[in-house]
Amino acid sequence: MGDSTMHYDIAIIGTGAGGGTLLHALAPTGKRILVLERGDYVPREKANWSTRAVNLEGRYNTKETWRDRDGQLLHPHTNYYVGGNTKFYGAALFRLRREDFGEIKHWGGVSPAWPIGYEDLEPYYTAAERLYHVHGERGEDPTDPLASAAYPHPPVSHEPRIQQLHDDMAGLGLHPFHVPLGVMLDEKNPRASRCLRCETCDGHPCLVSAKCDAQVVCVDPALQHSNVTLLTGAYVSKLETGASGGEVRRIVVKRGEATERYTADVVVVSAGAINSAALLLRSASDRHPHGLANGSDVVGRHYMGHVNSVMMAISKCPNPTVFQKTLGLNDFYFGSPEWEYPMGHISFVGKLDADTLRGGAPAIAPGWTLDLMAKHSMDFWLTSEDLPDPDNRVSLDREGHIVLAYQPNNETAHERLTAELEHLMKQQTRCQAHGHECHEGLFSRNLFLGQRIPLAGVAHQNGTVRFGHDPRTSALDVHCRAHEVDNLYVVHASFFPSSAAVNPALTIMANALRIADHLKTRLGARAGTP
């Protein structure tokens, strides 16, 4: 139970990849830590593993509505629970490429450099991989940056159909690799393994707590420390500063029908890129008329979420794979001999079934049903980098509703990436039953919820409170502290100046560990164990 009369050393708003990881690192310090989470725990129930409940009925989705730039209702496919969106992520945990930290020229424009380099994050990447039990193999992916340690666990093995594709790609001179995955899997001792390699990992909460999400590996262990207090159902409506505007003095929280106020020496906003920006904008005051810490007018701007597609490769032969998300390909990440610009990343989603397809049905192949397509498909995930655009932004309307204005860019790169995948699929090993005619083609699964917000766009949200050296062009310094508010930090994907083209989760986690070290020094805390 929280005590609004108690002053805390640290308050953390949000328990996902940023807030949950930061909490885990700070909990052993003995500092009084208040954690505010607007949601509750995901209920453990059989529906956790039901694709109908999760994907078709949206059982765990927020019922909150946002607006688009035209004021039309948006129904975001996002979740408010302890652990944040990591409860539903696919646990693919990539490092950004070393080059992603520098300026990169794309077909659609320029991806800006970060104010820190890969080497600044490398030890924290290693620590995050250890914390989140990442399985992988160094040296398979030629774009993977150098690492100071091996993955803590061996790669998750391919099932036969995926292994065949791996071999076909390698035979063409490409470099397929095992996707780094954060799961508690022991393939050498399956009877004792917590992970079952089930088909409902990606996009679902794990009923047996075998997916390494922030709740399981960070929040719950941190709560064993008596100095940590977690409040659920705690919606932070506003941050209030003192008269000078240079320090957050009060955290205004709505819990049920009550309004509560808390104070802390350090306040960390880790509510995701969209809601973190919205909170700062809601916290406008006389000293901060455009939003808290927003003298630069960048808060809410430069929203990014990647250009993503799910592509179904249909073949006449069935695909019996259960745990499909084990293979990746980055040979086109920085371009190709035929095209000098970056294209992006190819991997897999969890195996699609008919219920999932009904939630965003693709064009049906002639002579096929959705159920038959699902049984015969390989389900690819394609990611290309979208570029920061100040007009792609989070704002608030007059009633305080979140407004998300987003126009995809750099789409030509994504079209080229899709064409490369189509070309690869046509070069698969000759099928014994159907020859090279086994491949029927690629079909794009519609990933739009209500035909509006792309699901993947919200899942990979980043960039709305960027960090940098110059207070005129960034809201945060290199330690993710607000330039204008001394005790305010933003520790989630909001700080990204660019989105790269791999999942942002591991970078959020690694940066949270980096900021934890900074905060330990600031607060004179003992190091503890990250």
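About the cut-offs
Residues numbered from 1 in each chain as written. Predicted model: local features only at pLDDT ≥ 70, side-chain atom pairs only at ≥ 80, totals over all residues. Heavy atoms only, no water. Phe/Tyr/Trp six-rings, centres within 6.5 Å; stacked < 30°, edge-to-face > 60°. Helix = DSSP H or I, 4+ residues; strand = E, 2+ residues; numbered from the N terminus. Buried < 20%, exposed > 50% of the residue type's maximum accessible area, 1.4 Å probe, protein only. Lys NZ or Arg CZ within 6 Å of the ring centre and 35° of its normal. Axes fitted to C-alpha atoms, helices over the stretch in contact; angles between N-to-C directions. Left-handed = near helix turned anticlockwise from the far one by under 90°. Contact = heavy atoms within 4.5 Å. Nonpolar A, V, L, I, M, F, W, Y, C, P; charged D, E, K, R; others polar. pLDDT = per-residue confidence, 0-100. 1 Å grid on protein atoms, 1.4 Å probe; cavity = no way out; pocket = protein on both sides within 12 Å on 5 of 7 lines; lining within 4 Å. Points joined across faces, edges and corners; volume = space filled by probe spheres on them. Pairing = 2+ DSSP bridges. Right-handed = clockwise from strand over helix to strand, strands pointing away. Salt bridge = Lys/Arg side-chain N within 4 Å of Asp/Glu carboxyl O. Polar contact = N/O pair within 3.5 Å; in protein donor to acceptor, adjacent residues only side chain to side chain.

A. Region of interest: the packing of aromatic side chains. Applying the stated criterion to the full structure yields 18 aromatic pairs. The interplanar angle of 70 degrees and the centroid separation of 6.4 Å between the aromatic rings of Y60 and Y81 together place this pair among those described as edge-to-face. A residue pair is termed long-range when its members are at least 10 positions apart, and Y60 in the loop between α2 (51-56) and β3 (66-67) and Y81 in the loop between β4 (73-74) and β5 (104-106) qualify at 21 residues. We note that Y60, like Y81, is buried. Through pairs of rings, three or more aromatic residues link up here, namely F101, W114, Y118, Y125, F467, F495 and F496. Sitting over the ring of Y80, R38 keeps its end group 3.8 Å from the ring centre. The ring of Y333 carries the charged tip of R97 above its face, separated from the ring centre by 6.0 Å.

B. Representation of the packing of helix α1 (residues 19-26) against helix α5 (residues 214-222). Packing of α1 against α5 leaves a shortest axis separation of 8 Å and a crossing angle of 40 degrees. Regarding α1 and α5, the two cross each other, and that crossing is left-handed. Within the contact between the two elements, α1 uses G20, T21, L23 and H24 and α5 uses A214, V217, C218, V219, P221 and A222. Grouping the amino acids of the contact of α1 with α5 by side-chain chemistry returns 7 nonpolar, 3 polar and no charged.

C. The confidence of the model for the protein, seen in detail. Overall, the predicted model of the protein reaches an average pLDDT of 91, with 91% of residues at or above 70. pLDDT under 50 marks residues 443-457. Its contacts with residues more than four places away, or in other chains, come to 47 contacts.

D. Spotlight on the environment of P155. You can see P155 is positioned in the loop between β7 (134-135) and α4 (160-171). In this structure the C-alpha to C-alpha distance between P155 and P289, which are 134 residues apart in sequence, comes to 51 Å. Residues contacting P155, with those up to four places away along its chain left out, are H135, G136, E137, H178 and E187.

E. Quick peek at empty space enclosed by the protein. Here the structure, examined in full by the defined rule, presents 5 cavities of 30 Å³ or more. The wall of the largest cavity is formed by 15 residues, among which C195, C198, C201, C206 and A210 lie closest to the centre. Considered as a void within the structure, the second largest cavity measures approximately 90 Å³ in volume. Lining the second largest cavity are F94, R95, R97, E137, E140, D141, D144, Y151, F177, H178 and P180. Its residues placed into classes, the lining of the second largest cavity shows 4 nonpolar, 1 polar and 6 charged.

F. Summary view of unusual backbone geometry. The phi angle at S209 is positive, at roughly 55 degrees, despite the residue not being glycine. Tracing the chain through its elements places S209 in the loop between β9 (181-182) and α5.

G. Representation of the pairing of strand β19 (residues 402-405). What you see with β19 is no split at all: I402 and L404 on one side and V403 and A405 on the other are buried throughout. Connecting the antiparallel pair strand β18 (residues 393-396) and β19 is a turn made up of 5 residues, with G400 showing a positive phi of about 90 degrees.

H. Spotlight on the pairing of strand β2 (residues 33-36). With burial as the criterion, each face of β2 is covered, one bearing I33 and V35 and the other bearing L34 and L36. Here 4 bridges tie strand β1 (residues 7-13) to β2, and the two strands are oriented parallel to one another. When the sheet's bridge partners are listed, I13 is paired in β2 with L36. For the handedness criterion, the β-α-β arrangement of β1, α1 and β2 is classed as right-handed. By the bridge criterion, 4 bridges tie β2 to strand β10 (residues 228-231) in an arrangement that is parallel. Each bridged residue has a counterpart across the sheet, and for V35 the counterpart in β10 is L230.

I. Spatial organisation of the pattern of salt bridges. Within this structure, the stated rule accounts for 25 salt bridges. With its nearest N and O atoms 2.9 Å apart, the salt bridge here joins E129 to R95. One end of the pair, E129, is in helix α3 (residues 118-131); the other, R95, is in the loop between β4 and β5, and 34 residues separate them in sequence. Accessibility assignment for this pair places E129 and R95 in one class, buried. The shortest N-O distance in the salt bridge between D486 and R481 comes to 3.7 Å. D486 gets classed as partly exposed once you look at its relative accessible area, which sits at 37%.

J. Fine view of α5. The element α5 is largely enclosed, with a buried count of 7 among its 9 residues. Taken residue by residue, α5 has A214, Q215, V216, V217, C218, V219 and A222 as its buried positions. Buried residues belonging to α5 abut α1, α3 and β10. For α5, the N-terminal capping position is held by D213, with its side-chain oxygen 3.0 Å away from the main-chain nitrogen of Q215.

K. Geometry of the environment of F380. Structurally, F380 is set in strand β17 (residues 377-384). The sequence separation of F380 and Q324 amounts to 56 residues, and the corresponding C-alpha distance is 9.5 Å. In this structure, F380 is in contact with L165, S309, V310, M311, A313, I346, S347, F348, L421 and M425, ignoring residues within four places of it in sequence.

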